[in-house]
Amino acid sequence: MIAPVAASGLTAGGVAFVLLAWGGIAGLTAFCFHRLFKTQERRPPR
Amino acid sequence: MSKAQSDPLGLPREAWASRLGLILAMAGNAIGLGNFLRFPTQAARNGGGAFMIPYFVALLLLGIPLMWMEWAIGRYGGSHHGHGSTPGMFQVLARKRWVKYLGVLGLFNPMVVLIYYTYVESWTMAYSFFSATGKYFGITTRQDMGNFLSSFQGFARSPHFPGGIETAYVFMLLTLAINVWILYRGISGGIERLAKIAMPLLFLFAIALAVRVLTLGTPDPARPDWSVASGLGYLWNPDPSRLSDSGVWLAAAGQIFFTLSLGMGSIHCYASYLKRNDDLALTGLTTAATNEFAEVILGGIIAIPVAVAFFGIVETQSIATAGSFDLGFMSMPIIFQKIPLGHFFGTLWFALLFFAGITSSVAMGQPVMAFLQEEFGLTRRKAAMILAVAVFLLIQPVVLYQQFLGEMDFWGGTFALAVFALVEVILFAWVFGMDRAWEEITRGADIRVPRAFYYIIRYVTPLYLILILGFWTVQQAIPKLRMDGVSADARLQVIAARLMLVVIMAGLLLLIGLAWRRRERPGRAP
């Protein structure tokens, strides 16, 4: 059963969770691709 | 990664043409319908923003360790021993003849999911076409849209589909043919090429839809509460009280499991085309991060917020409770009729789902292809033909009878995944040995894998899996087995679906036995 939710916009807690979740994932994705291209540049062609 | 390796039968093994191609193919495997339909409904039902706490805990303790482990098992089995499917991989891990039979789950799970997933995938292709032509335009209630879906599936009569199931059947055949054709084209010529086209398009479509949703504001000024902001609030405002509910933690673990395509045998298979010293730590993490980006950021923006903007909170709650199909195929088509350029965005939405689906379904087909090619020495053409015939025959009851899809989804697409993951973590961390397992995970790594994962993989992940399996058994599997809540009319179908699952499992076990008898003939490598 879903608890009723107030029909309001994002609360401060909601904004914090959005920023944390989206920021964390976007940061991780950016880090991974950055490292990937860096290591690709360093690697001698096979 | 372009040089072909040789398998024990002396046949050249396929290989990925590029690292980016591998990442896109692996991300395509992980990014499926669940990213855009299942995740937002799960989050909305399980505490909103607070759901992200158990979600990230599960990602860290279950998802990433299992993902690395599956990559490592795949690379070990493929690069050392020429096995692209888990029966062979498990046998070389444990060095026991009977262990290969445990690997049957790495064929059974993807095969079962492939059967019903192909059908659902064909709906997305059909609905993309219906959006472009405006076939469902004019249907304005969820109930009527539900009837439209039922009549499309041939379970109800309507003037929209006078031929009954014909339309759905044609789209199913088309989808199956495309899948088989891609698999027939091989790893770099088929799967990798598909990923290089479909994945950028998928992200482009998702970003276009996300921008469209975020700029909708409050579509009906007379209902200021029905807005995208309210939708984001509904999805993300945390309800910390839900964190004490074990069901929320279980739902989060389940979502991580499905979204990363763990316990399927597909990751193993794709990773088997790596070389012995190729990096898997960074490449694997990149695919997981890409999947999370698609799920949490894009998946979290599109469906639920737009549903709140057009249906309001109360009805969106009932949509979320009804599940992914209601959201994707009944609610979204109504929304597309209410926004400017609805034909275009509807086509985009279902094309996005189709691309998400097909990049996953080919990943489900590849383990069986690899098994037939490598363990029986079949050509790719013959393997593709056998797979096509098998899926074509087994998909018939799914298309014709309503109970098959749900039954196969639970046993083959949910429960068996966790069983398989538990089996592989025990084999890899405890039988193969954690020191050797760690060496496999970290060899050639382009990032430093934190040592903490050594202990997480060894102790925490198996315990986590045992807990999940225990809860699923008590809360879902036993009631499901007893057919609680199943009407008398539907029971026969449920029993038939289970019989079919038993037959698939028995058939695959038989094939494994036959394959090894063939391999163990004089002159063949074990």
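Parameters at a glance
For every chain, the first residue of the written sequence is number 1, and numbering continues from 1 onward in sequence order. Labels follow written order: the first chain is A, the first ligand is 1, and so on. Confidence filtering applies because this is a predicted model: local features only for residues at pLDDT of at least 70, side-chain atom pairs given and counted only at 80 or more, and all residues used for totals across whole chains, interfaces and linings. Each side-chain value is derived from all of the structure's non-hydrogen atoms; neither hydrogens nor water enter the calculation. Here a helix means four or more residues in a row that DSSP labels H or I, a strand means two or more in a row labelled E, and each is numbered from the N terminus. With the radius of gyration taken over C-alpha atoms, the globule rule is written as 2.2 Å times the number of residues to the power 0.38. Only the protein chains shown count as covering a residue, and every accessible area follows the Shrake-Rupley method with a 1.4 Å probe. Two aromatic rings, drawn from Phe, Tyr or Trp (for Trp, its six-membered ring), form a pair once their centres lie within 6.5 Å of each other, and the interplanar angle then sorts them: stacked below 30 degrees, edge-to-face above 60, tilted otherwise. Comment: the charge-over-ring label is applied if NZ (Lys) or CZ (Arg) is within 6 Å of the ring centre and within 35 degrees of the ring normal. Residue contacts follow a heavy-atom distance rule, with two residues in contact if any of their heavy atoms lie within 4.5 Å. Accessible area that two parts lose when put together, with a 1.4 Å probe and added across both, is what the buried area reports. Here a polar contact is taken to be a pair of N or O atoms separated by no more than 3.5 Å, where protein atoms must pair a possible hydrogen donor with a possible acceptor and residues adjacent in sequence count only if both atoms sit in side chains. Only Asp, Glu, Lys and Arg are considered charged in this grouping, and only Ala, Val, Leu, Ile, Met, Phe, Trp, Tyr, Cys and Pro are considered nonpolar; every other residue, Gly among them, is considered polar. The term salt bridge refers to a side-chain nitrogen of Lys or Arg lying within 4 Å of a carboxyl oxygen of Asp or Glu. A 1.4 Å probe rolled over the protein chains alone gives each residue an accessible area, and that area as a share of the maximum for its type sets the label: buried under 20%, exposed over 50%, partly exposed in between. Buried and open spaces are told apart on a 1 Å grid over the protein atoms alone, a cavity being a set of points where a 1.4 Å probe fits but cannot get out and a pocket being an open set with protein on both sides within 12 Å along at least five of seven lines. Residues with an atom within 4 Å of a point are the lining residues. Grid points are joined across faces, edges and corners, and a volume is the space filled by probe spheres set on the points. Orientation is described by lines fitted to C-alpha atoms, with helices fitted over the stretch in contact, and by angles between N-to-C directions that extend from 0 to 180 degrees. By definition in this entry, angles of less than 35 degrees are roughly parallel, angles greater than 145 are roughly antiparallel, angles of 65 to 115 are roughly perpendicular, and the rest are oblique. Crossing handedness: left-handed means the near helix sits turned counterclockwise from the far one by under a right angle, and right-handed means the same turn made clockwise.

A. Quick peek at the overall build of chain B. When its secondary structure is counted, chain B shows 21 helices and 2 strands. Computed over C-alpha atoms, the radius of gyration of chain B comes to 22 Å, within 12% of the 24 Å expected from 2.2 N^0.38 for 526 residues, which places it in the range of a compact globule. Counting only C-alpha atoms, chain B reaches 75 × 50 × 45 Å along its principal axes. Surface exposure of chain B reaches about 18,200 Å², of which carbon and sulfur atoms provide 65%.

B. Region of interest: the packing of aromatic side chains. Inspection of the entire model under this criterion finds 46 aromatic pairs over all chains. Over the ring of W516 of chain B we find R519 of chain B, and its NZ or CZ is 5.5 Å from the ring centre.

C. Quick peek at the environment of I64 of chain B. Of note, I64 of chain B is situated in helix α4 (residues 52-81). The contact partners of I64 of chain B, leaving out residues within four places of it in the chain, are L59, L260, L285 and F453 of chain B.

D. Local environment of the interface of chain A and chain B. Each partner contributes residues to the interface: chain A has 29 residues there, and chain B has 34 residues. In this assembly, chain A packs against chain B so that about 2,900 Å² is buried in total across both faces, 71% of it on carbon and sulfur atoms. In this structure, the connection of chain A to chain B is made through 6 residue pairs in polar contact (both at pLDDT 80 or more). Residue composition of the side of chain A that touches chain B, grouped by class: 18 nonpolar, 8 polar and 3 charged.

E. Summary view of the pattern of salt bridges. All names here are of chain B. This structure, assessed with the given rule, holds 16 salt bridges over all chains. Between R19 and D446 there is a salt bridge, with the nearest N and O atoms lying 2.8 Å from each other. Note that R19 is positioned in helix α1 (residues 19-30) and D446 in the loop between α19 (434-442) and α20 (452-481), a separation of 427 residues in sequence. Here R19 falls in the buried class, since its relative accessible area comes to 6%. Relative accessible area serves as the criterion here: at 14%, D446 is assigned to the buried category. We note a salt bridge from D326 to R142, for which the minimum N-O separation is 2.9 Å. Of this pair, D326 sits in helix α15 (residues 324-336) while R142 sits in helix α7 (residues 142-152), and the two are 184 residues apart along the sequence. Of the two residues, D326 and R142, neither departs from the other in class, the shared state being buried. Salt bridges sharing partners connect three or more residues here, namely R75, E439, E440 and R443.

F. Spotlight on the side chain of R142 of chain B. All names here are of chain B. For R142, a relative accessible area of 16% gives the class buried. Here the side chain of R142 touches E315 through a polar contact of 3.2 Å, side chain to side chain. Within the local environment of R142, its side chain forms a polar contact with the side chain of D326, the two groups lying 2.9 Å apart.

G. Region of interest: unusual backbone geometry. All names here are of chain B. We note that L341 has phi near 60 degrees; this positive angle belongs to a residue other than glycine. Even without a glycine there, the phi angle at M483 is positive, about 60 degrees. With respect to the element layout, M483 can be found in the loop between α20 and α21 (488-519). Residue classification places M483 among the buried residues on the basis of a relative accessible area of 10%.

H. Fine view of the layout of surface pockets. Residues and elements named next belong to chain B. Its volume calculated, the largest pocket comes out at about 1,600 Å³. Every residue lining the largest pocket is counted, 46 residues in all, and those nearest its centre are R38, Q42, F258, S324 and D409. Of the residues contributing to the lining of the largest pocket, the split by class is 21 nonpolar, 20 polar and 5 charged.

I. Up close: the side chain of T461 of chain B. Residues and elements named next belong to chain B. Within the fold, T461 resides in helix α20. You can call T461 buried: its relative accessible area is 1%. If we ignore the near neighbours within four places in the chain, the residues touching T461 are L61, L62, P65, L66, V425 and I456.

J. The arrangement of the packing of helix α18 (residues 403-431) of chain B against α21 of chain B in detail. Residues and elements named next belong to chain B. Where α18 meets α21, the closest approach of the two axes is 9 Å, and the angle between their N-to-C directions is 45 degrees. The pairing of α18 with α21 is recorded here as oblique in orientation. In this structure, α18 meets α21 at a crossing whose hand is right-handed. Every residue of α21 that contacts α18 at Q403, F404, E407, M408 and W411 is listed here: A490, Q493, V494, A496, A497, R498, M500 and L501.

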